[in-house]
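A look at the structure
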Amino acid sequence: MPAETDRKKTSGEPAAYRVDQQIGFLLRQANQRHVAIFNARMGDRLTTTQWSALTKLQDIQPTSQNHLGRETAMDAATIKGVIDRLVARGYVETSPDPEDGRRLILSLTEEGDAVIARNLDAARAVSEETLAALDPGERRLLLDLIRRLS
């Protein structure tokens, strides 16, 4: 098959489209591997979106749900579901915004802080395992390039 693709290139025809060579496919495949590593290593039955919300909330609390969603690249429906589950688990608490009664302000509970502390080493190990095939320079380059695409 490669010879046929090469023939098309030299004859002026476009090369065959191979989905497994496209950026979206490769990013999805890398993400699937990362999520599998995350699920195997992380405790407290946390999902990647829950972990993102918890750790970002720790950095910027107190904050609105909408702001947390923007900071974690989650749409309004996704962040609402994530926060509802974290509130139900006792990791996040909500209070009315004194300036806008329609908005809720989010903060971590003591248990939310504790779940982050319990899982920080595992989170670091997930990143390390995800990037294990790359040397330090390649890791920096990959992260820089992905940031440019975002």
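Preceding block: the structure.
What comes next concerns the included structure.

Where a strand is regular, its side chains alternate between the two sheet faces. When strand β2 (residues 92-97) meets strand β3 (residues 100-108), the two strands line up antiparallel, connected through 6 bridges. Bridge pairing in β3 places T94 opposite L106. The turn linking β2 back onto β3 is made up of 2 residues.

It is worth spelling out a nonpolar patch on the surface at this point. Taken together, I23, L27, L142, I146 and L149 make up a surface patch of nonpolar side chains, about 450 Å² in accessible area. Only α2 (23-41) and α7 (136-149) provide two or more residues apiece to the nonpolar patch. Among the elements that take part in the nonpolar patch, α7 stands out by supplying 3 residues, more than any other. Position of L149 relative to the elements: it lies in helix α7. By relative accessible area, L149 is classed as exposed at 63%.

With that settled, the discussion passes to the packing of helix α3 (residues 48-60) against helix α5 (residues 76-88). Put simply, α3 and α5 touch, their axes get as near as 10 Å, and they point 80° apart. Here α5 runs roughly perpendicular to α3, going by the angle between their axes. In contact with T49, Q50, A53 and L54 of α3, α5 contributes I79, V82, R85 and L86. Its residues placed into classes, the contact of α3 with α5 shows 5 nonpolar, 2 polar and 1 charged.

Once that is clear, we can look at the environment of Q50. Relative to the helices and strands, Q50 is located in helix α3. Since its relative accessible area comes to 5%, Q50 is described here as buried. Sequence separation between Q50 and S64 is 14 residues, and the spatial gap between their C-alpha atoms is 16 Å. Apart from residues lying up to four places away in sequence, Q50 is in contact with R45, V82, R85, L86 and R89.

Scoring rules and cut-offs
- Position labels on residues start from 1 in each chain and follow its written sequence.
- Local features in this predicted model are restricted to residues whose pLDDT is 70 or higher, and side-chain atom pairs enter the listing and the counts only when it is 80 or higher, whereas totals over whole chains, interfaces and linings include all residues.
- Side-chain figures throughout are based on the complete set of non-hydrogen atoms in the structure, without hydrogens or water.
- Strands are labelled as partners when DSSP assigns at least two bridges between them.
- Secondary structure counts use DSSP, requiring at least four H or I residues in a row for a helix and at least two E residues in a row for a strand, with both numbered from the N terminus.
- Like charges are joined within 9 Å and nonpolar side chains (Val, Leu, Ile, Met, Phe, Trp, Tyr) within 5 Å, but only among residues with over 30% relative accessible area and no salt bridge; these make up the patches.
- For every accessible area listed, the method is Shrake-Rupley and the probe measures 1.4 Å; residues are considered covered only by the protein chains on display.
- The salt bridge definition used is simple: a Lys or Arg side-chain nitrogen within 4 Å of an Asp or Glu carboxyl oxygen.
- Three labels apply to residues, based on accessible area from a 1.4 Å probe with only protein chains included: buried if under 20% of the type maximum, exposed if over 50%, partly exposed otherwise in between.
- Axis geometry follows a simple rule: fit a line to the C-alpha atoms, using only the stretch in contact for helices, then measure angles between N-to-C directions, giving values from 0 to 180 degrees.
- Note on angle classes: values under 35 degrees are labelled roughly parallel, values over 145 roughly antiparallel, values of 65 to 115 roughly perpendicular, and the remainder oblique.
- When checking whether two residues touch, look at their non-hydrogen atoms; a contact exists if any pair is within 4.5 Å.
- Here the nonpolar group is Ala, Val, Leu, Ile, Met, Phe, Trp, Tyr, Cys and Pro; Asp, Glu, Lys and Arg are the charged ones; every other residue, Gly included, is treated as polar.

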